[in-house]
Amino acid sequence: MQAEGLMNYLNTKTSIILFEKAVKSKYYVDKSRMIETVCENIRSEGQYICITRPIRFGKTVNANMLAAYLTKGADSRALFDHLKIAETKDYGRHQNQYNVIHMDLSRQPDGCGSYEEYRKHVTDQLAQDLLETYPKLREKKYGSVYQMFLSSGRQVFQRFRAEYVRRIPFYE
């Protein structure tokens, strides 16, 4: 069982920690204006964005940047206040407003020796996160995490119109 308030994949501080580390490195190049382009597409026909780049061209740093900016998991203003995104007119409008799922599929958790064990681990952890975030989900039994997402989405959309942002890096 996870400690109260400690999330596995949903709204973790992982992306903020990783992006902060990147910003502090001596080779960091500020590409935070990308956030403006991504945010312009939220709730539009272009809302599904796939960022593809060759190996070693910043996909992970950019994905962590987007997740750190958008996640409800923590206040990231101090991290972005000095970057180029802070100079835009809509800076802050979407900041820390979304449920973000952060998964690193390049690492397999301890105790997972097969794909099926890994898949079960991920779904169990996501289910725990959803129950922590939306306690009303405990009132009903669900056959899958997908059904929990649908139900949590209904709860959220009815009150806050929030969405999920998925940040899942794949490595070759």
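Residues numbered from 1 in each chain as written. Predicted model: local features only at pLDDT ≥ 70, side-chain atom pairs only at ≥ 80, totals over all residues. Heavy atoms only, no water.

1. Quick word on the overall build of the chain
Link 1 in the chain: Within the chain, the secondary structure is distributed over 6 helices and 2 strands.
Link 2 in the chain: Scanning the chain from its N terminus toward the C terminus, one meets helices and strands in the order α-α-α-α-β-α-α-β.
Link 3 in the chain: Across the 172 residues of the chain, 38% fall into the buried class.
Link 4 in the chain: A separation threshold of at least 6 residues defines the contact pool for the chain, and within that pool the share at least 24 residues apart is 68%. (Helix = DSSP H or I, 4+ residues; strand = E, 2+ residues; numbered from the N terminus. Buried < 20%, exposed > 50% of the residue type's maximum accessible area, 1.4 Å probe, protein only. Contact = heavy atoms within 4.5 Å.)

2. Regarding unusual backbone geometry
Link 1 in the chain: Positive phi outside glycine occurs at Asn11, with the angle close to 55°.
Link 2 in the chain: By relative accessible area, Asn11 is classed as buried at 12%.
Link 3 in the chain: Positive phi values are uncommon outside glycine, yet Asn96 reaches one of about 55°.
Link 4 in the chain: Within the secondary structure layout, Asn96 lies in the loop between helix H4 (77-80) and strand S1 (99-102).

3. Thoughts on the confidence of the model for the chain
The predicted coordinates ought not to be read in detail in places where the model reports low pLDDT.
Link 1 in the chain: Scored by pLDDT, the chain has a mean of 82; 85% of the residues are at 70 or more.
Link 2 in the chain: Mean pLDDT per element in the chain: strand S2 (residues 164-167) is the minimum at 52, and H4 is the maximum at 97.
Link 3 in the chain: Ignoring residues within four places in sequence, the model shows residues 1-5, a span with pLDDT below 50, making 7 contacts including any to other chains.
Link 4 in the chain: Contacts from residues 156-163, a stretch scored under 50 in pLDDT, to residues over four places away or in other chains number 12 contacts. (pLDDT = per-residue confidence, 0-100.)

4. Some points on the pattern of salt bridges
Link 1 in the chain: Scanning the model with the defined rule gives 5 salt bridges in all.
Link 2 in the chain: The closest approach of N and O atoms between Glu20 and Lys24, which form a salt bridge, is 3.7 Å. You can see Glu20 and its partner Lys24 sitting in helix H1 (residues 14-24), 4 residues apart, about one turn around the helix.
Link 3 in the chain: Exposure remark for Glu20: the relative accessible area of 34% places this residue in the partly exposed category.
Link 4 in the chain: Residues Asp75 and Arg77 are paired through a salt bridge, measuring 2.4 Å at the closest nitrogen-oxygen approach.
Link 5 in the chain: Look at Arg77 and you get partly exposed, because its relative accessible area is 47%. (Salt bridge = Lys/Arg side-chain N within 4 Å of Asp/Glu carboxyl O.)

5. Description of helix H3 (residues 59-70)
Link 1 in the chain: If you check H3, its first and last C-alpha atoms are 16 Å apart, about what 12 residues at 1.5 Å a residue would give, namely 16 Å.
Link 2 in the chain: Along H3, the residues that are buried comprise Asn62, Asn64, Met65, Leu66, Ala67, Ala68, Tyr69 and Leu70. (Expected span 1.5 Å × (residues − 1).)

6. Let's talk about the environment of Ser32
Link 1 in the chain: Structurally, the position occupied by Ser32 is in the loop between H1 and helix H2 (34-40).
Link 2 in the chain: Separated by 51 residues in the primary sequence, Ser32 and Leu83 have C-alpha atoms spaced 6.6 Å apart.
Link 3 in the chain: Excluding residues that lie within four positions of it along the chain, Ser32 makes contacts with Met65, Leu83, Lys84 and Ile85.

7. Some words on the packing of aromatic side chains
Link 1 in the chain: On inspection of all chains with the given rule, the structure shows 4 aromatic pairs.
Link 2 in the chain: Relative to Tyr28, the ring of Phe19 has its centre 5.8 Å away and its plane inclined at 80°; by these criteria the two rings are edge-to-face.
Link 3 in the chain: Look at Phe19 and you get buried, because its relative accessible area is 1%.
Link 4 in the chain: On the numbers, 6.3 Å between centres and 40° between planes, the contact of Tyr69 with Tyr91 is tilted. Here Tyr91 lies in the loop between H4 and S1 and Tyr69 lies in helix H3, a separation of 22 residues in the sequence. (Phe/Tyr/Trp six-rings, centres within 6.5 Å; stacked < 30°, edge-to-face > 60°.)

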